[in-house]
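# Secondary and tertiary structure notes
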Amino acid sequence: MNSQRIHSNYSLLVFVFFIAGGIVVSLTFADFPEIQSALQPSGSYGLLLAPIGLSFFLAMTVFGVFLLPFCSFACGAAVAYLAQSILSAGNGFGDYRDICAFLCVLVPTFFVVCSGGMHISAMIRETVAKAKPQFKNAFRSYNLAAVLSAAAVCLAGYIIQKI
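Residues numbered from 1 in each chain as written. Predicted model: local features only at pLDDT ≥ 70, side-chain atom pairs only at ≥ 80, totals over all residues. Heavy atoms only, no water.

## A look at the overall build of the chain
We apply this condition: In DSSP terms, a helix is any run of H or I states spanning at least four residues, a strand is any run of E spanning at least two, and both are numbered starting from the N terminus. The classification of residues rests on relative accessible area computed with a 1.4 Å probe and restricted to protein chains. Under 20% of the type maximum is buried, over 50% is exposed, and intermediate values are partly exposed. The contact rule is simple, with two residues in contact once any of their heavy atoms fall within 4.5 Å.
Per the secondary structure count, the chain includes six helices and zero strands. Each helix and strand of the chain, ordered N terminal to C terminal, gives the series α-α-α-α-α-α. Across the 163 residues in the chain, those meeting the buried criterion constitute 38%. Expressed as a percentage of contacts within the chain between residues at least 6 apart in sequence, the contacts between residues at least 24 apart total 82%.

## Details of the nonpolar core
To be explicit about the condition: Nonpolar cores were defined as sets of buried Ala, Val, Leu, Ile, Met, Phe, Trp, Tyr and Cys residues, with membership established by side-chain atoms within 4.5 Å.
Judged by nonpolar contacts, the single largest core of 27 residues is most densely connected at Phe 18, Leu 48, Leu 103, Leu 106 and Phe 110. Every element with two or more residues in this core is listed here: α1 (2-31), α3 (45-59), α4 (64-88), α5 (97-130) and α6 (134-162). Considering each element in turn, this core owes the most residues, ten residues, to α5.

## A word on the packing of aromatic side chains
Quick note on the threshold: Working definition: a ring pair exists when centres of Phe, Tyr or Trp rings (six-membered ring for Trp) sit within 6.5 Å. Plane angles under 30 degrees give stacked, over 60 give edge-to-face, the rest tilted.
On inspection of all chains with the given rule, the structure shows five aromatic pairs. Where Phe 110 meets Phe 111, the ring centres are 6.1 Å apart and the plane angle is 65°; that geometry is what we call edge-to-face. Like Phe 110, the residue Phe 111 is buried in the burial classification. Taken together, the ring pairs connect Phe 15, Phe 18, Phe 110 and Phe 111 into an aromatic cluster.

## Topic: the environment of Ile 124
Along the chain, the position of Ile 124 falls in helix α5. Sequence separation between Ile 124 and Ala 59 is 65 residues, and the spatial gap between their C-alpha atoms is 8.8 Å.

## Considering the environment of Met 118
Relative to the assigned elements, Met 118 resides in helix α5. Judged by relative accessible area, Met 118 falls into the buried class, the value being 0%. Met 118 sits 52 residues away from Phe 66 along the chain, and the two C-alpha atoms are 8.3 Å apart. Filtering out sequence-adjacent residues up to four positions away, Met 118 remains in contact with Tyr 10, Leu 13, Val 14, Gly 64, Val 65, Leu 68 and Pro 69.

## Points about the environment of Leu 12
Among the secondary structure elements, Leu 12 is positioned in helix α1. Using a relative accessible area of 52% as the deciding quantity, one classes Leu 12 as exposed. Between the alpha carbons of Leu 12 and Ser 115 there is a distance of 8.4 Å; along the sequence they are 103 residues apart.

## Notes on the confidence of the model for the chain
Keep this limit in mind: As a per-residue quantity, pLDDT reports the predictor's confidence and falls between 0 and 100.
Looking at the chain as a whole, the pLDDT averages 79, with 80% of positions reaching at least 70. Highest mean pLDDT in the chain belongs to α4 (85); lowest belongs to helix α2 (residues 33-38) (62).

## Describing the state of the cysteines
Going by this rule: In this description, the term disulfide denotes a pair of cysteine sulfurs within 2.5 Å.
Counting across every chain of the model gives zero disulfides. Cys 71 provides the cysteine sulfur closest to Cys 114, a residue in no disulfide bond, and the two sulfurs are 5.3 Å apart. By relative accessible area, Cys 114 is classed as buried at 0%.

Below, the structure is given as C-alpha coordinates:
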(Lines give C-alpha, C1' and ligand atoms only; values in the text may rest on other atoms or scores of the structure.)
Protein backbone atom coordinates (compact mmCIF):
# COMPACT_ATOMS: atom_id res chain seq x y z
CA MET A 1 0.00 0.00 0.00
CA ASN A 2 2.98 2.27 0.43
CA SER A 3 3.55 2.36 -3.35
CA GLN A 4 0.23 4.18 -3.93
CA ARG A 5 1.34 7.02 -1.66
CA ILE A 6 4.69 7.22 -3.44
CA HIS A 7 2.94 7.18 -6.82
CA SER A 8 0.91 10.28 -5.86
CA ASN A 9 4.13 11.99 -4.78
CA TYR A 10 5.56 11.28 -8.24
CA SER A 11 2.53 12.94 -9.85
CA LEU A 12 3.00 15.98 -7.65
CA LEU A 13 6.70 16.14 -8.50
CA VAL A 14 5.95 15.94 -12.24
CA PHE A 15 3.36 18.72 -11.88
CA VAL A 16 5.69 21.00 -9.90
CA PHE A 17 8.49 20.63 -12.46
CA PHE A 18 6.02 21.20 -15.33
CA ILE A 19 4.82 24.44 -13.75
CA ALA A 20 8.41 25.50 -13.00
CA GLY A 21 9.35 25.04 -16.66
CA GLY A 22 6.42 27.20 -17.72
CA ILE A 23 7.31 29.90 -15.21
CA VAL A 24 10.94 30.02 -16.34
CA VAL A 25 9.93 30.48 -19.99
CA SER A 26 7.29 33.08 -19.11
CA LEU A 27 9.75 35.08 -17.03
CA THR A 28 12.40 34.79 -19.74
CA PHE A 29 10.03 36.17 -22.38
CA ALA A 30 8.92 38.92 -20.00
CA ASP A 31 12.52 40.00 -19.41
CA PHE A 32 13.77 39.46 -22.97
CA PRO A 33 10.92 39.99 -25.49
CA GLU A 34 13.33 39.99 -28.44
CA ILE A 35 13.94 36.26 -27.88
CA GLN A 36 10.31 35.50 -28.66
CA SER A 37 10.37 37.38 -31.95
CA ALA A 38 13.55 35.55 -32.99
CA LEU A 39 12.08 32.10 -32.25
CA GLN A 40 8.97 31.23 -34.25
CA PRO A 41 7.12 27.94 -33.64
CA SER A 42 7.54 25.56 -36.54
CA GLY A 43 4.17 23.85 -36.18
CA SER A 44 5.68 20.39 -36.29
CA TYR A 45 4.06 17.87 -34.01
CA GLY A 46 7.24 15.84 -33.70
CA LEU A 47 8.63 18.36 -31.24
CA LEU A 48 5.47 18.08 -29.15
CA LEU A 49 5.68 14.28 -29.07
CA ALA A 50 9.29 14.35 -27.90
CA PRO A 51 8.45 14.64 -24.18
CA ILE A 52 6.22 11.55 -24.35
CA GLY A 53 8.86 9.58 -26.22
CA LEU A 54 11.52 10.70 -23.78
CA SER A 55 9.25 9.72 -20.88
CA PHE A 56 8.86 6.22 -22.33
CA PHE A 57 12.61 5.89 -22.72
CA LEU A 58 13.42 7.19 -19.24
CA ALA A 59 10.72 5.03 -17.64
CA MET A 60 12.63 1.94 -18.70
CA THR A 61 15.83 3.07 -17.03
CA VAL A 62 16.98 2.86 -13.46
CA PHE A 63 17.65 6.62 -13.40
CA GLY A 64 14.22 7.61 -14.73
CA VAL A 65 13.06 8.56 -11.25
CA PHE A 66 15.70 11.28 -11.21
CA LEU A 67 15.54 12.37 -14.87
CA LEU A 68 11.79 12.40 -15.56
CA PRO A 69 11.19 15.60 -13.55
CA PHE A 70 13.61 17.38 -15.89
CA CYS A 71 11.67 15.97 -18.85
CA SER A 72 8.55 17.44 -17.25
CA PHE A 73 10.35 20.76 -16.87
CA ALA A 74 11.16 20.75 -20.61
CA CYS A 75 7.57 19.88 -21.54
CA GLY A 76 6.26 22.72 -19.36
CA ALA A 77 8.70 25.09 -21.04
CA ALA A 78 7.57 23.99 -24.52
CA VAL A 79 3.90 24.40 -23.65
CA ALA A 80 4.57 27.84 -22.13
CA TYR A 81 6.49 28.85 -25.26
CA LEU A 82 3.57 27.83 -27.47
CA ALA A 83 1.14 29.65 -25.19
CA GLN A 84 3.26 32.82 -25.36
CA SER A 85 3.37 32.52 -29.16
CA ILE A 86 -0.39 32.15 -29.35
CA LEU A 87 -0.98 35.10 -27.05
CA SER A 88 1.43 37.31 -28.97
CA ALA A 89 -0.24 36.41 -32.29
CA GLY A 90 -3.23 38.62 -31.41
CA ASN A 91 -6.02 38.14 -33.94
CA GLY A 92 -3.84 35.88 -36.10
CA PHE A 93 -4.21 32.89 -33.80
CA GLY A 94 -5.87 30.78 -36.51
CA ASP A 95 -2.48 29.30 -37.41
CA TYR A 96 -2.26 27.85 -33.90
CA ARG A 97 -5.69 26.17 -33.80
CA ASP A 98 -4.28 22.71 -34.50
CA ILE A 99 -1.53 23.09 -31.91
CA CYS A 100 -4.04 24.20 -29.26
CA ALA A 101 -6.28 21.22 -29.96
CA PHE A 102 -3.33 18.86 -29.90
CA LEU A 103 -2.07 20.29 -26.59
CA CYS A 104 -5.46 19.55 -25.02
CA VAL A 105 -4.72 15.87 -25.59
CA LEU A 106 -0.93 15.95 -25.18
CA VAL A 107 -0.65 17.55 -21.74
CA PRO A 108 -2.91 15.13 -19.80
CA THR A 109 -1.35 12.17 -21.57
CA PHE A 110 2.11 13.46 -20.75
CA PHE A 111 1.19 13.57 -17.07
CA VAL A 112 -0.10 10.00 -17.16
CA VAL A 113 2.98 8.71 -18.97
CA CYS A 114 5.50 10.71 -16.93
CA SER A 115 4.11 10.02 -13.46
CA GLY A 116 3.53 6.36 -14.37
CA GLY A 117 7.02 6.31 -15.84
CA MET A 118 8.49 7.46 -12.57
CA HIS A 119 6.62 4.66 -10.83
CA ILE A 120 7.85 2.15 -13.42
CA SER A 121 11.41 3.36 -13.01
CA ALA A 122 11.11 3.00 -9.23
CA MET A 123 9.77 -0.53 -9.71
CA ILE A 124 12.72 -1.33 -11.97
CA ARG A 125 15.06 -0.10 -9.26
CA GLU A 126 13.24 -2.31 -6.72
CA THR A 127 13.22 -5.26 -9.09
CA VAL A 128 16.90 -4.97 -9.69
CA ALA A 129 17.48 -4.84 -5.95
CA LYS A 130 14.99 -7.53 -4.88
CA ALA A 131 13.84 -9.37 -8.01
CA LYS A 132 10.39 -10.41 -6.74
CA PRO A 133 7.80 -11.72 -9.25
CA GLN A 134 4.98 -9.45 -7.97
CA PHE A 135 6.70 -6.43 -9.51
CA LYS A 136 6.44 -7.95 -12.98
CA ASN A 137 2.61 -7.68 -13.09
CA ALA A 138 2.61 -4.05 -11.93
CA PHE A 139 5.34 -3.28 -14.47
CA ARG A 140 3.24 -4.77 -17.28
CA SER A 141 0.07 -2.91 -16.28
CA TYR A 142 1.79 0.49 -16.17
CA ASN A 143 3.49 -0.19 -19.49
CA LEU A 144 0.13 -1.05 -21.05
CA ALA A 145 -1.44 2.16 -19.70
CA ALA A 146 1.45 4.25 -21.03
CA VAL A 147 1.32 2.64 -24.48
CA LEU A 148 -2.45 3.17 -24.70
CA SER A 149 -2.04 6.83 -23.70
CA ALA A 150 0.63 7.38 -26.34
CA ALA A 151 -1.55 5.67 -28.95
CA ALA A 152 -4.41 8.00 -28.01
CA VAL A 153 -2.17 11.04 -28.55
CA CYS A 154 -1.00 9.76 -31.92
CA LEU A 155 -4.57 9.07 -32.98
CA ALA A 156 -5.71 12.50 -31.79
CA GLY A 157 -2.84 14.16 -33.66
CA TYR A 158 -3.78 12.30 -36.83
CA ILE A 159 -7.47 13.23 -36.50
CA ILE A 160 -6.68 16.88 -35.74
CA GLN A 161 -4.35 17.04 -38.74
CA LYS A 162 -7.10 15.67 -41.01
CA ILE A 163 -9.78 18.12 -39.77
